[in-house]
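Descriptive structure summary
Chain by chain, the residues run as shown.
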Amino acid sequence: MAAEDTASTRLGAGRQHLRPLKRRGLVLLRLTAIVFAVLVFCEFLIYYLVIFRCSWPAVKTPADAGGLGTPEPVLRAMFLADTHLLGAVRGHWLDKLRREWQMERAFQTALWLLQPEVVFILGDVFDEGKWSSSQAWADDVGRFWKIFRHPPHVQLRAVAGNHDIGFHYQMNTYKIKRFEKVFNPERLFSWKGINFVMVNSVALEGDSCDICSGAEAELLEISHRLNCSREHFPLYRRNDANCSGEDAASPDEKYTPFKERYDALSQEASRKLLWWLRPRLVLSGHTHSACEVLHGANVLEVSVPSFSWRNRNNPSFIMGSVTATEYALAKCYLPCEDMVLTTYCTAAGGLVLLTLVHAGLVASPFHFGWNMLRKFKTT
């Protein structure tokens with residue numbers, strides 16, 4: 001009997017020793033599950049939840065107005081700007097990882113949910129194209145195609161920006177050809193009876209340089225066939241004072257005068273473009289903020305904000321439903337960076353609290369609240 005009692009005592013002690021280990025394992029499993037759930041939400045699900053709210057705008061066609069005949073085909077075009085993929089000189093690895101992952105998830109989610117037919121990037125695709133070496137350029141291009149990969153039936157077109165080839169005094173034929181080798185060099189892109197003009201606004205300096213003269217000659221050649229145009233620099237405007245909306249320039253930037261040929265095209269170049277091309281719509285990038293401006297005979301220009309968290313907290317892109325005679329635009333916002341950071345900070349605080357409660361260093365909030373309630377009832 002004594003031997004049996006001793007064995008039972010040892011078995012009981014062993015079970016009591018295993019209980020804390022099981023509890024620790026269970027707590028660790030719960031903490032791991034919470035971390036995994038927060039990561040999945042912040043790095044994947046949040047993009048679907050936010051972009052799911054976007055929808056293509058409806059555009060009027062002759063059939064909608066009671067007209068007879070075949071309805072005009074509608075082209076679904078997605079416009080984004082200023083991705084600024086970081087390079088080898090100024091690009092910290094953590095900055096690259098965070099911002100490029102954000103753009104990849106946003107772009108791939110938008111492709112899957114919205115199914116655009118054509119995507120336009122309105123300049124400054126890369127951040128250091130104006131000075132990057134051949135090897136650095138090849139590395140940046142490889143990362144670009146990984147982030148903005150798309151199926152064959154989706155067209156992708158990009159406009160050269162000042163960060164891609166340099167400002168007027170920095171650009172040269174080599175940089176322009178290098179950019180055009182990656183992206184289709186055609187100036188006039190036509191689809192479903194709709195014409196888009198790809199304008200290298202950096203070359204519109206008006207000083208008759210070889211590159212500038214060539215760019216102007218190309219524009220004159222296609223001007224008779226244009227009915228919709230895009231570019232990188234905004235057309236001339238004094239500042240962003242009349243711009244509004246949550247993604248417009250901040251109040252301390254709105255009244256800063258724009259420099260011609262640096263922040264916007266010159267007045268002369270803007271007049272030339274409007275006269276040569278007679279556009280129905282102008283879409284531009286470069287400023288990283290949103291703005292809508294009417295030029296001349298009610299020609300609307302829409303400045304598209306940056307697509308990257310690196311340039312603004314609330315990136316967005318434009319969705320356009322376009323026919324040969326009409327267009328309709330809508331804006332689609334991406335997740336705000338501070339929303340994601342707040343989620344991570346809240347989750348981290350909760351995990352620390354749970355760990356301290358399990359270690360007995362802090363009383364459980366539920367037990368504390370229950371005890372306070374009991375004391376209140378007894379008094």
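Let me sum up the structure you'll find in this document.

Cut-offs and rules
- Residues numbered from 1 in each chain as written.
- Predicted model: local features only at pLDDT ≥ 70, side-chain atom pairs only at ≥ 80, totals over all residues.
- Heavy atoms only, no water.
- Axes fitted to C-alpha atoms, helices over the stretch in contact; angles between N-to-C directions.
- Helix = DSSP H or I, 4+ residues; strand = E, 2+ residues; numbered from the N terminus.
- Parallel < 35°, antiparallel > 145°, perpendicular 65-115°, else oblique.
- Contact = heavy atoms within 4.5 Å.
- Nonpolar A, V, L, I, M, F, W, Y, C, P; charged D, E, K, R; others polar.
- Expected span 1.5 Å × (residues − 1).
- Pairing = 2+ DSSP bridges.
- Buried < 20%, exposed > 50% of the residue type's maximum accessible area, 1.4 Å probe, protein only.
- Core = buried A, V, L, I, M, F, W, Y, C linked by side-chain atoms within 4.5 Å.

This part covers the packing of helix α2 (residues 93-114) against helix α3 (residues 134-147). Close contact between α2 and α3 brings their axes to 9 Å; oriented N to C, the two are set at 40 degrees. Here α3 runs oblique to α2, going by the angle between their axes. Together, Lys96, Glu100, Met103, Glu104, Phe107 and Gln108 of α2 and Arg143, Lys146 and Ile147 of α3 make up the contact between the two elements. The residue inventory of the contact of α2 with α3, partitioned by class, reads three nonpolar, one polar and five charged.

Another point: α2. An α-helical segment advances 3.6 residues per turn. Residues three or four places apart therefore align on the same side. Counted at 1.5 Å a residue, the expected span for α2 with its 22 residues is 32 Å, and the 31 Å between its end C-alpha atoms agrees. After α2 finishes, the residue Gln115 shows a positive phi value of roughly 55 degrees.

With that settled, the discussion passes to the sheet that holds strand β10 (residues 316-322). Consider a sheet: its strands pair through backbone hydrogen bonds, and that pairing is either parallel or antiparallel. Taken in spatial order, the five strands make up an open sheet running β3-β2-β1-β10-β11, and their pairing is mixed. In the strand order of this sheet, the two ends are held by β3 (155-158) and β11 (327-333), each with one partner. Averaged over all pairs of adjacent strands, the angle between their axes in this sheet comes to 20 degrees, without regard to strand direction. Where β10 meets β11, seven bridges bridge the pair, whose relative direction is antiparallel.

On to the environment of Met171. Considering the arrangement of structural elements, one finds Met171 in the loop between α4 (162-165) and α5 (173-182). The class of Met171 is buried, set by a relative accessible area of 9%. Sequence separation between Met171 and Val202 is 31 residues, and the spatial gap between their C-alpha atoms is 8.3 Å. Setting aside residues no more than four positions away along its own chain, Met171 makes contact with Ile165, Gly166, Ile176, Val202, Ala203, Ile211 and Cys212.

Core analysis: the biggest nonpolar cluster contains 47 residues, and Leu80, Phe107, Phe144, Phe148, Phe307 and Phe317 have the highest contact counts within it. With near-sequence residues (within four places) excluded, Phe148 lies in contact with Leu80, Thr83, Leu85, Met103, Phe107, Gln108, Leu156 and Phe307. With 19 residues, the next largest nonpolar core counts Val118, Phe120, Phe196 and Val304 among its residues.

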